[in-house]
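Each chain is listed here by its residues.
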Amino acid sequence: MNKTRASGRTVGGLRTLSLQAPAVTLLLLWMIVPLGMTIWFSLQRYNLLMPGMSGFAGVENYEYLLTDPALWSAMGTTLLLVGWVLAITVVGGTLLAVLFQQEFAGRGIARVLAISPFFVMPTVSALVWKNMMMHPSNGVLAWLAESLGLPALDWFSSLPLTSIIIIVAWQWLPFALLILLTAMQSLDEDQVEAARMDGAGPIAIFFFITLPHLKRAISVVIMIEMIFLMTIFAEIFVTTAGGPGLATTNLAYLIYIRALLDFDVGIASAGGVIAIILANIVAIFLVRMVARNLEE
């Protein structure tokens, strides 16, 4: 008979590792093959418009990208987009979570309506904002401006990046609200009541009880949102196409331009490798931050 160890492995029979091997192997192939192909193409001269120019390029593609002002502009746009959306969603989500935790008539319906934008597809969301909300002639915001006697604003020409930030923040605010509102459910009401009996006001309760309680949930929101916000594409593609100029071109959209508009697979692959490196640096930092909060 096989003897079972405390670690879960068996002596004289199949080990746990052999049972895990197929899934782990498939997962590694799923990750390593695309990554390996991206690295390989990034070292090649591979432009679909010039098939005669091919061969090993070494680090030429990386040198071209790192000396291209468009790359640094795209990275700056990416940081601005991620930073502003995070600030809006975390602050707004926290305040809305505190609000929806209170008892009021129709609270259940209000919660559903507040969370529902997160389930709208990015392309549909961008189209709604472009044609129904921010349109300079027929949009709701233009109608409100004219009602107040103000000139209508062409958002995507005058404030292109701000427009993208508003659209993306509108999509991700419900996600932050959902996570933070769930965390609010575990707040000890006895602690809040004790603070009130000791004379603490709403502001003091928020900063010294509610906010510390939401610290871990806020860390999770920041980590998840930052990973997804670095790859924002559909909203830019539908509304501004990266313009005017490079005003709304983030790193993901720049890679799209190099790959599917310029047909330069080598340059686009090099940009993809740079994006992977940046994403991993951010992920390591965020995972450590979340782990530190969990330990506390």
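Above this text you will find the structure in question.
Since we're looking at a predicted model, the values are computed, not measured.

Undergrad: What's the story with a nonpolar patch on the surface in this structure? I'm lost.
TA: A cluster of nonpolar side chains, namely Val-24, Leu-27, Leu-28, Trp-30, Met-31 and Ile-32, defines an oily patch on the protein surface of about 650 Å² accessible area. Inspection of the secondary structure assignment puts Leu-27 in helix H1 (residues 16–42).

Undergrad: It is not clear to me how the layout of surface pockets should be interpreted in this structure. Could you clarify?
TA: Which parts of space are left empty comes out when a probe the size of a water molecule is rolled across the atoms. Volume-wise, the largest pocket comes out at about 330 Å³. Ile-227, Met-230, Thr-231, Leu-251, Ala-252, Ile-255, Ala-275, Ile-276, Ala-279, Asn-280, Val-282 and Ala-283 are the residues that line the largest pocket. Secondary structure elements with two or more residues in the lining of the largest pocket: helix H13 (251–261) and helix H14 (265–295). It is H14 that provides the largest number of residues to the lining of the largest pocket, a total of six residues. Looking at the lining of the largest pocket residue by residue, the class counts come to ten nonpolar, two polar and no charged. In this structure, the second largest pocket encloses a volume near 270 Å³. Within the residue set of the lining of the second largest pocket, elements represented by two or more residues are helix H3 (69–101), helix H9 (189–197) and helix H10 (202–213). Per-element tally for the lining of the second largest pocket: the top contributor is H10, with four residues. Its residues assigned to classes, the lining of the second largest pocket shows eight nonpolar, four polar and two charged.

Undergrad: Would you mind showing me how to read the environment of Ala-145 here?
TA: Residue placement: Ala-145 occurs in helix H6 (residues 140–147). Given a relative accessible area of 15%, Ala-145 falls into the buried group. With 78 residues separating them along the chain, Ala-145 and Thr-67 place their C-alpha atoms 43 Å apart.

Undergrad: Is there a simple way to think about empty space enclosed by the protein in this case?
TA: Within this structure, the stated rule accounts for one cavity of 30 Å³ or more. Put simply, the largest cavity is a space of about 30 Å³. Forming the walls of the largest cavity are Leu-65, Leu-71, Leu-251, Leu-254, Ile-255, Arg-258, Ile-267, Ala-268 and Gly-271. Here the element with the most residues in the lining of the largest cavity is H13; it accounts for four residues.

Definitions and limits used
- Residues numbered from 1 in each chain as written.
- Predicted model: local features only at pLDDT ≥ 70, side-chain atom pairs only at ≥ 80, totals over all residues.
- Heavy atoms only, no water.
- Patch = residues over 30% accessible without salt bridge, like charges linked within 9 Å, V, L, I, M, F, W, Y side chains within 5 Å.
- Areas by Shrake-Rupley, 256 points an atom, 1.4 Å probe, with all protein chains shown as cover.
- Salt bridge = Lys/Arg side-chain N within 4 Å of Asp/Glu carboxyl O.
- Helix = DSSP H or I, 4+ residues; strand = E, 2+ residues; numbered from the N terminus.
- 1 Å grid on protein atoms, 1.4 Å probe; cavity = no way out; pocket = protein on both sides within 12 Å on 5 of 7 lines; lining within 4 Å.
- Points joined across faces, edges and corners; volume = space filled by probe spheres on them.
- Nonpolar A, V, L, I, M, F, W, Y, C, P; charged D, E, K, R; others polar.
- Buried < 20%, exposed > 50% of the residue type's maximum accessible area, 1.4 Å probe, protein only.

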